[in-house]
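Commentary on secondary and tertiary structure
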Amino acid sequence: MKNFLLAIIALILVLTVSSVFVVIEGQRGIVFQFSKIKRDGDGDMKVYEPGLHFKFPFINQVRKLDARIQTLDDAPDRFVTSEKKDLMVDSFVKWRIVDFSTYYLRTSGSIENARSLLKQKVNNGLRTEIGTRTIKDIVSGERDDIMAKALESAASSREDLGIEVIDVRIKAINLPTEVSTSIYERMRAERTAVAKEHRSQGQEQAEIIRATIDAKVTVMLATAQKEAQEIRGEGDALAAKVYADSYSQDAEFYGFFRSLEAYEKSFSDKSDILVVKPDSNFFNYLKDSKKAK
């Protein structure tokens, strides 16, 4: 009997717990009954606000939806301007569910479906606005206008998807990778050409400076050699004059002195052999003792 009562109490607790569900703040609840959405007296989908609610245990199933502000931030998309130029636009969207019945009917309660449909709608608005402008217009200051028009265009998602688009923002506008690479290569080629031109001009100036310096060095060396030759000539002339003056004062002594120097150089080594004629003038002072005096 006691075990039976415990079983009854446990069953009552299970039924009580199963018949209660809580919807927290920031969420909304939808109740299904045998896989069909539970509706109110007017036939509209019944959406449960935050709080404590009751349901039939094992018959009703609860699906909770996020009512907070969501962010749609996917990869950049390609858009075409009025001049048929491609741009990669990176944008994000702030949105939230305001009509849970419409939202669930259009997306089956899947946030991925909601993001896909919302992205398509926002991109259509951006594509329309970007397609009427040039790259210069977009980059130079019309980005705010584009975002405002895209936000207006996405306002229809409230009726279509039960979603309110709060804000549409463009984070970055870039050229496609292949276009950027082409532009960078062209810029690099232009800079390389300019660098080569400056380098060639520098080499030309270097050659001019080098030639000027070489010419100056050549002139300086020639001038120095000329002055050296002149000084050497003046020295030789002075030496010749000194010798001439000395010789003119006592020619006989000078001849005798020069002969002694010749004898000394000729017989500096004992092994030296000199073959001359006996009547040669080389021994003139040796033959005549009077001249030696």
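Each remark here, short or long, concerns the structure printed above.
Report on the accompanying structure. (Residues numbered from 1 in each chain as written. Predicted model: local features only at pLDDT ≥ 70, side-chain atom pairs only at ≥ 80, totals over all residues. Heavy atoms only, no water.)

**Some points on the pairing of strand E9 (residues 86-97)**
Where strand E7 (residues 70-72) meets E9, 3 bridges bridge the pair, whose relative direction is antiparallel. Note that in E9 the partner of Gln70 across the bridge is Trp95. As defined by bridge partners, strand E8 (residues 77-80) adjoins E9 across 4 bridges and the pair is classed as antiparallel. Each bridged residue has a counterpart across the sheet, and for Arg78 the counterpart in E9 is Met88. Taking the residues that link successive antiparallel strands as the turn, the E8-E9 hairpin has 5 residues, and the phi of Lys84 there is positive, at about 65 degrees. Where E9 meets strand E10 (residues 163-174), 10 bridges bridge the pair, whose relative direction is antiparallel. Residue Lys94 lies in a different strand from E10, and its bridge partner there is Asp167. (Pairing = 2+ DSSP bridges. Helix = DSSP H or I, 4+ residues; strand = E, 2+ residues; numbered from the N terminus.)

**Here we look at the side chain of Thr81**
Position of Thr81 among the secondary structure elements: in the loop between E8 and E9. Looking at Thr81, the relative accessible area reads 2%, which means it is buried. When neighbours within four sequence positions are excluded, Thr81 is seen to be in contact with Leu87, Ile130, Gly131, Arg133, Thr134, Ile135 and Ile138. (Buried < 20%, exposed > 50% of the residue type's maximum accessible area, 1.4 Å probe, protein only. Contact = heavy atoms within 4.5 Å.)

**Here's the deal with the pattern of salt bridges**
Enumeration over the complete set of coordinates arrives at 17 salt bridges. Among the salt bridges present, the one from Asp73 reaches Lys171, with a minimum N-O distance of 3.1 Å. Taken together, the residues span a long stretch of sequence, with Asp73 in the loop between E7 and E8 and Lys171 in strand E10 at a distance of 98 residues. Classification of Lys171 by relative accessible area gives partly exposed; the value is 41%. (Salt bridge = Lys/Arg side-chain N within 4 Å of Asp/Glu carboxyl O.)

**Regarding helix H3 (residues 111-130)**
Compared with the 28 Å implied by 1.5 Å per residue over 20 residues, the 28 Å span of H3 between its first and last C-alpha is a close match. Looking at H3, one finds that the buried residues are Ala114, Leu118, Lys121, Val122, Asn123, Gly125, Leu126, Glu129 and Ile130. (Expected span 1.5 Å × (residues − 1).)

**Brief notes about the side chain of Thr107**
Structurally, Thr107 is set in helix H2 (residues 100-107). Of the polar contacts made by the side chain of Thr107, one reaches the backbone oxygen of Tyr103; its length is 2.6 Å. Apart from residues no more than four positions distant in its own chain, Thr107 is found in contact with Asn113, Ala114 and Leu117. (Polar contact = N/O pair within 3.5 Å; in protein donor to acceptor, adjacent residues only side chain to side chain.)

**Remarks on a nonpolar patch on the surface**
Together, Leu11, Val14, Leu15, Phe34, Phe56, Phe58 and Ile59 give the surface a local cluster of nonpolar side chains, amounting to about 710 Å² of exposed area. Locating Leu15 in the fold gives a position in helix H1 (residues 2-18). Of the residues examined, Leu15 reaches a relative accessible area of 33% and is grouped as partly exposed. (Patch = residues over 30% accessible without salt bridge, like charges linked within 9 Å, V, L, I, M, F, W, Y side chains within 5 Å. Areas by Shrake-Rupley, 256 points an atom, 1.4 Å probe, with all protein chains shown as cover.)

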